[in-house]
Amino acid sequence: MISTYFAMQNALIGQNIAASKMMGASNAMLSSIGSGCQPIKPSFGGADTFELQTKANETKYTVLQKTMEALEKSLGKKIARSTPKFGGLDIQA
């Protein structure tokens, strides 16, 4: 069960890193636009990179979220299997 906890912790850290990268990329994109009455200069290369990187981070986040859900189910089954049943009562952890 310890390895499940470590895997869940790694997945959670991965989710936080992916979310942080998405927020950082959004912040960089907004700060590059400029302020005031300046027109927005089109930079298609930067926009394409931003879109691709954001999509990659969204995919990582979703995969890690599904991994966390699977690990939680696995951990729940392990706890249910290791929990003794006293007098016909099913005591859940």
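Residues numbered from 1 in each chain as written. Predicted model: local features only at pLDDT ≥ 70, side-chain atom pairs only at ≥ 80, totals over all residues. Heavy atoms only, no water.

Caption draft 1: Fine view of the overall build of the protein chain. Within the protein chain one finds 2 helices and 2 strands. Partitioning the contacts of the protein chain with sequence separation of at least 6, the portion at a separation of at least 24 is 82%. Element-wise, carbon and sulfur atoms account for 64% of the exposed surface of the protein chain, whose accessible area totals about 7,200 Å². (Helix = DSSP H or I, 4+ residues; strand = E, 2+ residues; numbered from the N terminus. Contact = heavy atoms within 4.5 Å. Areas by Shrake-Rupley, 256 points an atom, 1.4 Å probe, with all protein chains shown as cover.)

Caption draft 2: Representation of a nonpolar patch on the surface within the structure. Taken together, the side chains of Met1, Ile2, Tyr5 and Phe6 make up a nonpolar region of the molecular surface, amounting to roughly 430 Å² of accessible area. With respect to the element layout, Met1 can be found in the segment before α1 (2-33). (Patch = residues over 30% accessible without salt bridge, like charges linked within 9 Å, V, L, I, M, F, W, Y side chains within 5 Å. Salt bridge = Lys/Arg side-chain N within 4 Å of Asp/Glu carboxyl O.)

Caption draft 3: Spatial organisation of the nonpolar core. Within the largest apolar cluster, 5 residues are counted, these being Met8, Ala11, Met68, Leu71 and Leu75. Sorting the residues of this core by element identifies α1 and α2 (44-82) as the ones contributing at least two each. For this core, the leading source of residues is α2, giving 3 residues. Sequence-distant contacts of Leu71, that is, excluding residues within four places in its chain, are made with Thr4, Ala7 and Met8. (Core = buried A, V, L, I, M, F, W, Y, C linked by side-chain atoms within 4.5 Å. Buried < 20%, exposed > 50% of the residue type's maximum accessible area, 1.4 Å probe, protein only.)

Caption draft 4: Examining the side chain of Thr4 more closely. Topologically, Thr4 is positioned in helix α1. Setting aside chain neighbours within four positions, we find Thr4 in contact with Leu71, Leu75 and Lys78.

Caption draft 5: Quick look at the environment of Asn57. Following the sequence through the fold, Asn57 ends up in helix α2. Along the chain, Asn57 and Gln15 lie 42 residues apart, while their C-alpha atoms are 9.0 Å from each other.

Caption draft 6: How the structure looks around the confidence of the model for the protein chain. In this model, the protein chain carries an average pLDDT of 78, and 71% of its residues clear a pLDDT of 70 or more. Across the protein chain, the element-wise mean pLDDT spans from 59 in strand β2 (residues 89-90) up to 85 in α1. (pLDDT = per-residue confidence, 0-100.)

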